[in-house]
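Residue-level structural notes
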Amino acid sequence: MPDDLADLRCEAKTRAGTPCKRKDIYQNGRCKFHGGLSSGAKTAEGKARQLAGYRHWQEKQGMRKDKIAQKNAHNE
Ligand SMILES: [Zn+2]
């Protein structure tokens, strides 16, 4: 992190009415409590990519279950 950003604080208004003092901020200048994380895919392309990744993960989970089933069958 560049030196001129080292003292940058989140400074979002907290529920107590004081500025947030967290220094672990993201590129948008806010900490993880004040709007730092991704809100998900915006474009159709991005959503499709996300879904494709999810389907891939689901397949992997299925494969794993098969393996566990095989292992259990072997042990009996
Ligand atoms: Zn904050």
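Residues numbered from 1 in each chain as written. Predicted model: local features only at pLDDT ≥ 70, side-chain atom pairs only at ≥ 80, totals over all residues.

Looking up the protein chain in an unreviewed UniProt entry gives the name HGGxSTG domain-containing protein, with the organism given as Tatumella terrea.

Right, let's get into the overall build of the protein chain. Helices and strands together make up the secondary structure of the protein chain, namely one helix and zero strands. Within the protein chain, the proportion of its 76 residues that are buried is 3%. Long-range pairs, those at least 24 residues apart, make up 3% of the contacts in the protein chain between residues at least 6 apart in sequence. (Helix = DSSP H or I, 4+ residues; strand = E, 2+ residues; numbered from the N terminus. Buried ≥ 20, exposed ≤ 12 C-beta atoms within 10 Å, placed from the backbone. Contact = placed C-beta atoms within 7 Å.)

Negative phi values dominate among residues other than glycine, just as trans dominates among peptide bonds. Positive phi, close to 60°, is recorded for glutamate 11, a residue that is not glycine. One can find glutamate 11 in the segment before helix H1 (44–75). For glutamate 11, a count of 16 C-beta atoms within 10 Å gives the class partly exposed.

With respect to the helices, strands and loops of the structure, aspartate 24 is situated in the segment before H1. Between the alpha carbons of aspartate 24 and cysteine 10 there is a distance of 7.8 Å; along the sequence they are 14 residues apart. Look past the residues within four positions of aspartate 24 in its chain and what remains in contact with it is Cys31 and Lys32.

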